[in-house]
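Here's the letter readout for the chains.
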There are 2 protein chains.
Amino acid sequence: MKRIVFLLLAVSAGCIIAASMNPGAGRADGEAAPIFGVKIPPGYRDWRLISVAHEAGNLNDLRAILGNDVAMRAYREGKLPFPEGTIIARVAWDYVPSEENNKTFGRPQSFVAGPPKNGVQFMVKDSRKYASTGGWGFAQFNKDGKPADEAVHKTCFPCHQAIKARDFVFTHYAP
Amino acid sequence: MKRIVFLLLAVSAGCIIAASMNPGAGRADGEAAPIFGVKIPPGYRDWRLISVAHEAGNLNDLRAILGNDVAMRAYREGKLPFPEGTIIARVAWDYVPSEENNKTFGRPQSFVAGPPKNGVQFMVKDSRKYASTGGWGFAQFNKDGKPADEAVHKTCFPCHQAIKARDFVFTHYAP
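So, here is what we can say about the structure in this document. Not measured: the values here are computed from a predicted model.

### Remarks on the overall build of chain A
Stage number 1. Scanning chain A for helices and strands turns up 5 helices and 6 strands.
Stage number 2. Reading chain A from its N terminus to its C terminus gives the helix and strand order α-β-β-α-β-α-β-β-β-α-α.
Stage number 3. Considering chain A as a whole, with its 175 residues, one finds that 45% of them fall into the buried category.
Stage number 4. Relative to all contacts within chain A whose residues are 6 or more apart in sequence, the contacts with residues 24 or more apart total 50%.
Stage number 5. For chain A, the exposed area adds up to about 8900 Å²; of that, 58% sits on carbon and sulfur atoms.

Structural data, given as structure tokens:
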């Protein structure tokens, strides 16, 4: 019996470790974004990578688009529309030349991620809750974790309507 | 007793699911890279994101630097040198303007990840095995999954020596 109890504990501990390494689980904290009521999903920075991009111009950032498990599965299976529970995150950093890398390459060619920039954005799929905006809730949070104002959130869906044919999501999966 | 057995099975099943979502686990397949004998680590595309970059010039790519669990922990704890078992992956895609995004933004500013480009690279920490190259094994694989040739692998360490102060790793963690 002692042996069985030991096994149970050992296996359970393994699961707790595994669970703690899935930071997408857990409850959202912080202030909710206006209009859509979306909060920052805990652990989103540990989600898997959908793709990367550089926005020049005023945005001038390097960005990564991350997906929760539902998002990743849908992307890889080419499933449209995205299923309920999909969350896509956009993180971004200042677009900075790397003197260090350039010195090694011997020419000015390297641009890397600097400090966080342009906040973080989320798209959350809930067809019933967000029926009037293509089934998506949109949220933008500033660097301090506070949601951007209502005026900003009113611009999300009109812009994403341009890509209605791909369920309002611009980003392609980078294989 | 039946109940205990049931519990064990249930918990074990949970662990198997958790394990299958950690694609860094498992055995490496495919051909080993010359000099260092590194194989492509299974599931590396699902590893967490360390940072992103754009290399202009001849490389002309958008790239993501991913880390296995050991790498992520070390980066976040600011631990140097990187511990045994650290693996850092560099994936890259063609740097392409997105007409679709530019149309929506109303100006030519958006560059996204196109098809895979410039292969995939790995740094594997094993201080004893790779004692003569700073404790790191280096590997580059072409798009077809075949390792690059020996001449290519001879260039890795001399270049990374420039960044000996950070344990031969160029990439900073993007918070």
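Now that the structure has been shown, the text picks up again.
### Re the pattern of salt bridges
Stage number 1. Evaluated as defined, the whole model comprises 20 salt bridges over all chains.
Stage number 2. Across the pair Asp-46 of chain B and Arg-76 of chain A runs a salt bridge whose closest N-O atoms are separated by 2.6 Å. Residue Asp-46 of chain B is found in the loop between helix 1 (2–20) and strand 1 (48–55), and its partner Arg-76 of chain A is found in helix 2 (residues 69–77); the two belong to separate chains.
Stage number 3. Since its relative accessible area comes to 16%, Asp-46 of chain B is described here as buried.

### Considering the pairing of strand 5 (residues 120–125) of chain A
The two faces of the sheet receive side chains in turn, since in a regular strand these alternate between them.
Residue and element names in this part refer to chain A.
Stage number 1. Judged by how many residues are buried, strand 5 sits mostly within the fold: 5 of 6 residues are covered.
Stage number 2. Both strand 3 (residues 87–97) and strand 5 contribute to a ladder of 4 bridges, which runs antiparallel. Residue Arg-90 lies in a different strand from strand 5, and its bridge partner there is Gln-121.
Stage number 3. When strand 5 meets strand 6 (residues 136–141), the two strands line up antiparallel, connected through 6 bridges. Paired with Lys-125 across the two strands is Trp-136, which belongs to strand 6.

### Some thoughts on helix 2 (residues 69–77) of chain B
All names here are of chain B.
Stage number 1. Buried residues of helix 2: Ala-71, Met-72, Ala-74 and Tyr-75, and no others. With its buried residues spanning 165 degrees around the axis, helix 2 presents them on a single face.
Stage number 2. Close packing links the buried residues of helix 2 with strand 1, strand 2 (61–67) and strand 3 (87–97).
Stage number 3. Directly after helix 2, the chain includes Gly-78, whose backbone phi takes a positive value near 65 degrees.

### Section: the interface of chain B and chain A
Stage number 1. Residue-level contacts link 50 residues of chain B with 50 residues of chain A.
Stage number 2. Summing the contributions of chain B and of chain A, the shared interface buries around 4100 Å²; its carbon and sulfur component is 60%.
Stage number 3. On the chain B side of the contact with chain A, Arg-45, Leu-49 and Val-52 of chain B bury the most area, a combined 14% of that side's loss.
Stage number 4. Seen at the junction of chain B and chain A, the total is 6 salt bridges.
Stage number 5. Scanning the region where chain B abuts chain A turns up 24 residue pairs in polar contact (both at pLDDT 80 or more).
Stage number 6. Going through the elements one at a time, helix 1, strand 1, strand 2, helix 2, strand 3, helix 3 (99–105) and strand 4 (110–116) of chain B are the ones with two or more residues in the side of chain B that touches chain A.
Stage number 7. Class assignment for the residues of the side of chain B that touches chain A results in 31 nonpolar, 10 polar and 9 charged.

Thresholds applied
Residues numbered from 1 in each chain as written. Chains lettered and ligands numbered in written order. Predicted model: local features only at pLDDT ≥ 70, side-chain atom pairs only at ≥ 80, totals over all residues. Heavy atoms only, no water. Helix = DSSP H or I, 4+ residues; strand = E, 2+ residues; numbered from the N terminus. Buried < 20%, exposed > 50% of the residue type's maximum accessible area, 1.4 Å probe, protein only. Contact = heavy atoms within 4.5 Å. Areas by Shrake-Rupley, 256 points an atom, 1.4 Å probe, with all protein chains shown as cover. Salt bridge = Lys/Arg side-chain N within 4 Å of Asp/Glu carboxyl O. Pairing = 2+ DSSP bridges. Arc of directions from axis to C-beta. Buried area = accessible area lost by both parts, 1.4 Å probe. Polar contact = N/O pair within 3.5 Å; in protein donor to acceptor, adjacent residues only side chain to side chain. Nonpolar A, V, L, I, M, F, W, Y, C, P; charged D, E, K, R; others polar.

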